[in-house]
Protein chains: 2
Amino acid sequence: MRYFEDFLPGDVIETGSYMVSREEILSFARQFDPQPFHLDEDAGRRSIFGGIVASGWHTASICHRLLVEGVINKSHSLGSPGLDELRWLLPVRPGDALHVRVEVHSTTPSRSKPDRGAIKFRLEVRNQRGETVMTELATSLFVRRHPAPADPTH
Amino acid sequence: MRYFEDFLPGDVIETGSYMVSREEILSFARQFDPQPFHLDEDAGRRSIFGGIVASGWHTASICHRLLVEGVINKSHSLGSPGLDELRWLLPVRPGDALHVRVEVHSTTPSRSKPDRGAIKFRLEVRNQRGETVMTELATSLFVRRHPAPADPTH
């Protein structure tokens, strides 16, 4: 189990992979993204995508699952305050297999809470052809192995 | 059906609401966010959240559904390139009813494609007590009612 101190800027972790089925694309879209090109093959063909494609939120949720399995659940994690600069670059289609390249972008000890620190990860979701379909800067909080001493100036 | 020109900075749209059940919290977490405090009541109680809470990605996906129903599917939309500054501010618990306050933040005609423009929305997800649980800057592309004339300098 990793602590905050075990992540260093530039470290790279490659996650496992996740196959996106047509049934799961349809099921996610019906629940969370009911736009025609996510729901119907004909509508997808007539759209700018030229076929049915996964909701971007489906891709982002799969990315998170791979990050949880590959990093978060192997660490002393304290949740996430949010994320920045999420970009959908290429469509995800039925049968695509996604994995995530996780790079440690920066590590910042908390100023107010000496027991923890924030790690910003740069995530690249790639398909089976190595194409990057989505990028994101995700922040998570982790427990410090060695809490900082109290700062007498604060 | 709205076009790009029908969105003006400062416009506010309130979406419908969405009740988050315990079963849906568990089902989303099993598929996309298998961390103990999303999956198990006892683990939730022992965590910083003091009870089971929805995955932040579940909240974000519900936010998107409300945006699709309230805005996107009532407009000539061309998809989304991404989003910025997503922040999870408060936990979402079983039985919470969420809605979204959608404010038009900025409107930018495309420089390269005269038939479309980008709208940046500031989204605030609020619960049944009016507390803001999540915020996000989301960008979507929309068809222009009146395409810009060709620019001879380009």
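What comes next concerns the included structure.

Reading guide: rules and limits
Residues numbered from 1 in each chain as written. Chains lettered and ligands numbered in written order. Predicted model: local features only at pLDDT ≥ 70, side-chain atom pairs only at ≥ 80, totals over all residues. Heavy atoms only, no water. Axes fitted to C-alpha atoms, helices over the stretch in contact; angles between N-to-C directions. Helix = DSSP H or I, 4+ residues; strand = E, 2+ residues; numbered from the N terminus. Left-handed = near helix turned anticlockwise from the far one by under 90°. Contact = heavy atoms within 4.5 Å. Nonpolar A, V, L, I, M, F, W, Y, C, P; charged D, E, K, R; others polar. Pairing = 2+ DSSP bridges. Phe/Tyr/Trp six-rings, centres within 6.5 Å; stacked < 30°, edge-to-face > 60°. Buried < 20%, exposed > 50% of the residue type's maximum accessible area, 1.4 Å probe, protein only.

The contact between helix α1 (residues 22-32) of chain A and helix α1 (residues 22-32) of chain B brings their axes to 14 Å, and the two run at 145 degrees. Our pair here, α1(A) against α1(B), has a crossing hand that is left-handed. Of the residues in α1(B), those in contact with A:Glu24, A:Phe28, A:Gln31 and A:Phe32 of α1(A) are B:Glu24, B:Phe28, B:Gln31 and B:Phe32. Tallied by class, the residues present in the contact of α1(A) with α1(B) amount to 4 nonpolar, 2 polar and 2 charged.

Take the sheet that holds strand β3 (residues 97-109) of chain B next. Here we have 10 strands laid out as an open sheet, ordered β1(A)-β3(A)-β4(A)-β5(A)-β2(A)-β2(B)-β5(B)-β4(B)-β3(B)-β1(B), and antiparallel in their pairing. The outermost strands of the open sheet, each flanked by one partner alone, are β1 (12-19) of chain A together with β1 (12-19) of chain B. If you compare each strand with its neighbour and ignore which way they point, the axes differ by 20 degrees on average. Here 4 bridges tie strand β2 (residues 82-88) of chain A to strand β2 (residues 82-88) of chain B, and the two strands are oriented antiparallel to one another. Pairing of A:Gly82 across the sheet is with B:Arg87, part of β2(B). Contacts between helix α4 (residues 56-70) of chain A and the sheet are confined to β1, β2, β3 (97-109), β4 (116-126) and β5 (132-143) of chain A together with β2 and β5 (132-143) of chain B, with β1(A) contributing the most and set at about 125 degrees to the helix.

Here we come to the packing of aromatic side chains. Counted according to the given criterion, the structure contains 15 aromatic pairs over all chains. Seen from their ring centres, A:Phe7 and A:Phe121 are 5.7 Å apart, and the 80 degrees between their planes marks the pair as edge-to-face. Taken as a pair, A:Phe7 in the segment before β1 and A:Phe121 in strand β4 lie far apart in primary sequence, 114 residues in all. On the basis of relative accessible area, A:Phe7 is assigned to the buried category, the value being 2%. Through a chain of ring-to-ring contacts, the aromatic side chains of A:Phe28, A:Phe32, B:Phe28 and B:Phe32 assemble into a single cluster.

We now examine α1(A). Turning to α1(A), its buried residues are A:Glu24, A:Ile25, A:Leu26, A:Phe28, A:Ala29 and A:Phe32. Lining the buried residues of α1(A) we find β1, α2 (36-39) and α4 of chain A together with β1, α1 and α4 (56-70) of chain B.

Turning to unusual backbone geometry, a few remarks are in order. The backbone of A:Glu85 sits at a positive phi, close to 50 degrees, despite the residue not being glycine. Looking at the element boundaries, A:Glu85 is found in strand β2.

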